[in-house]
Structures are given as structure tokens and as C-alpha cells.
Amino acid sequence: SLTIGVVAMLLSVILGTVLGALAGFLGGMVDALTMRLTDAMLSIPIFFFLLTVLAVFGSAVPTIIIAIGLSSWMTAARVVRAEVLRTINLDFIMAARALGALSWRIVLLHLLPSAVPSMLVASTIGVGQAILTESALSYLGVGVQPPVASWGNMLSNAQNYFFPAPFLAIWPGIMILLTVLSFNFIGDSARDTLSPYQN
């Protein structure tokens, strides 16, 4: 569950960062098309989309990671685009352009660093969501398959023994809860550390 959550979120953050930075920096038609694609993805019921994908392509761990990662990049794209649009007209960006800095250098060295605090918060929350999604998929039997263990299939297998051995279900549930809360706290702490002057 942890591996799938972290790796899937890394994939979604990379994809969302690239699309959001391009949309905010280039503007115009690129921005419009990217945001319409984002809106279209947000309108799809992601859980049922994942159920369909895993039913068609199988439940291997790499397939689950790719499916979750490619269906959860929209938040990162919106966050990065908003930060780029907020920063792009500030004086230090104008100064970099006046000095002849290349576009890729402006994006990588000036625009994206300003988006890092917001990206960290979105990423850590996304890890928690990815863990919850994987656990739900595995609980329904379309996620990680035994003998590979995940918290979701541990919950699914424990439901037949809930009354004689309730802790078989309680401990995986507690671990899911604590892990998701921990990633949320990490994101808040990182935001406060990197942006101490933001409210």
C-alpha cells in the first residue's frame, strides 16, 4: 500500500507539474486545452474508471501504480499552473527575461521553486488518497492479489474471521488511518517550513 501510494503520487506529480507549468507559462491555446483536459478528467468517476482499467488490464502492481498515477495528476496540474500564473509577472521574472534567460531556465529555476510548498501539500494529501484508493480496490478484489499483502486485501480476508479474531481487521484499518493522517501532517509541516510567512 505504501509503495503504490508513493510511486503513484510521484508519477502523478511529475505529469501534473509538466502540464501545469506548460499551461501557465505558454498560456493561450495550450493553457485552454490543458485546463479543458483537466476538467474532463475531473468529471470522470475515477474509482469506477480504475475498476474498469484493472478489470481489462489485470491487477499487477505496476498496472495499479500507472492507473492511479495517470488518473490523479489534475490537482498537481492546477496547483502548479496557479503558482506559475501568480509568479510569472513578478519583477524577478521580468529581470531574468531582460537578462536573456532561456524559457526552460526561467521555468525550472524561478517559476517551479515558488510552487514547491503547494506541490508538497498536494502531493502528501495525494499519497493518502492513493493509499485509500488502493486499499478500496484491493478490498473489492481487483487490486493487489494474494500472496502479495496489502492493507486492502488484509481487510477483505479478515472479514470472514471478524468475530473470532477481530484484530485481523482492526490493525490494517488503524494502519491505513494513521498512515493517511501522517502524510497529511507531513504536508502541513512542510508547507509551514518552506513558506513561514504564508497564513
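Thresholds, definitions, all that
- Residues numbered from 1 in each chain as written.
- Predicted model: local features only at pLDDT ≥ 70, side-chain atom pairs only at ≥ 80, totals over all residues.
- Heavy atoms only, no water.
- Phe/Tyr/Trp six-rings, centres within 6.5 Å; stacked < 30°, edge-to-face > 60°.
- Buried < 20%, exposed > 50% of the residue type's maximum accessible area, 1.4 Å probe, protein only.
- Helix = DSSP H or I, 4+ residues; strand = E, 2+ residues; numbered from the N terminus.
- Contact = heavy atoms within 4.5 Å.
- Salt bridge = Lys/Arg side-chain N within 4 Å of Asp/Glu carboxyl O.
- Core = buried A, V, L, I, M, F, W, Y, C linked by side-chain atoms within 4.5 Å.
- pLDDT = per-residue confidence, 0-100.
- Polar contact = N/O pair within 3.5 Å; in protein donor to acceptor, adjacent residues only side chain to side chain.
- Axes fitted to C-alpha atoms, helices over the stretch in contact; angles between N-to-C directions.
- Parallel < 35°, antiparallel > 145°, perpendicular 65-115°, else oblique.
- Left-handed = near helix turned anticlockwise from the far one by under 90°.
- Nonpolar A, V, L, I, M, F, W, Y, C, P; charged D, E, K, R; others polar.

### Examining the packing of aromatic side chains
Item 1. Here the structure, examined in full by the defined rule, presents two aromatic pairs.
Item 2. Judged by centre distance (6.3 Å) and plane angle (80 degrees), the ring pair of Phe 47 and Phe 48 falls under edge-to-face.
Item 3. The class for Phe 47 is partly exposed, based on a relative accessible area of 28%.
Item 4. Judged by its relative accessible area of 57%, Phe 48 falls in the exposed class.

### Topic: the side chain of Thr 17
Item 1. Positionally, Thr 17 belongs in helix α1 (residues 2-26).
Item 2. Among all residues touching Thr 17, those that are not within four sequence positions of it are Val 80, Leu 112 and Met 119.

### Focus on the pattern of salt bridges
Item 1. Throughout the structure, instances matching the rule amount to four salt bridges.
Item 2. Notably, a salt bridge pairs Asp 31 with Arg 81, separated by 2.6 Å at the nearest N-O pair. Placement of the pair is Asp 31 in helix α2 (residues 28-42) and Arg 81 in helix α5 (residues 74-87), with a sequence separation of 50 residues.
Item 3. With relative accessibility at 12%, the residue Asp 31 sits in the buried group.
Item 4. A cluster of three or more residues bridged by salt bridges with shared partners is formed by Arg 36, Asp 39 and Arg 78.

### Some thoughts on the nonpolar core
Item 1. Counting residues in each nonpolar core, the largest one holds 23 residues, and the members touching the most others are Phe 25, Val 80, Ile 106, Val 107, Leu 111 and Met 119.
Item 2. Here this core takes nine residues from helix α7 (residues 103-139), the largest share from any one element.
Item 3. Residues in contact with Ile 106, not counting those within four places in the same chain, are Phe 25, Ile 93, Ala 96, Arg 97, Ala 101 and Leu 111.
Item 4. Residues Leu 50, Ile 64, Ala 130 and Val 144 belong to the second largest nonpolar core, which totals 12 residues.

### What to know about the confidence of the model for the chain
Item 1. Chain-level statistics for the chain give a pLDDT mean of 84 and a share of 97% at 70 or above.
Item 2. When the elements of the chain are averaged for pLDDT, helix α6 (residues 91-98) gives the smallest value, 80, and helix α4 (residues 61-70) the largest, 89.

### Side note on the environment of Arg 86
Item 1. Tracing the backbone through its elements, the reader meets Arg 86 in helix α5.
Item 2. Sequence separation of Arg 86 and Leu 10 is 76 residues, and the distance between their C-alpha atoms is 24 Å.
Item 3. There is a polar contact of 2.8 Å between the side chain of Arg 86 and the side chain of Glu 83.

### As for the packing of α1 against α2
Item 1. At a closest axis distance of 7 Å, the pairing of α1 and α2 adopts a crossing angle of 140 degrees. It follows that α1 is oblique to α2 by the angle criterion. α2 is crossed by α1, and the crossing has left-handed handedness. Taking contact as the criterion, the partners of Leu 19, Leu 22, Ala 23 and Leu 26 in α1 are, on α2, Gly 28, Val 30, Asp 31, Thr 34 and Met 35.
Item 2. Of the residues that constitute the contact of α1 with α2, the class distribution is six nonpolar, two polar and one charged.

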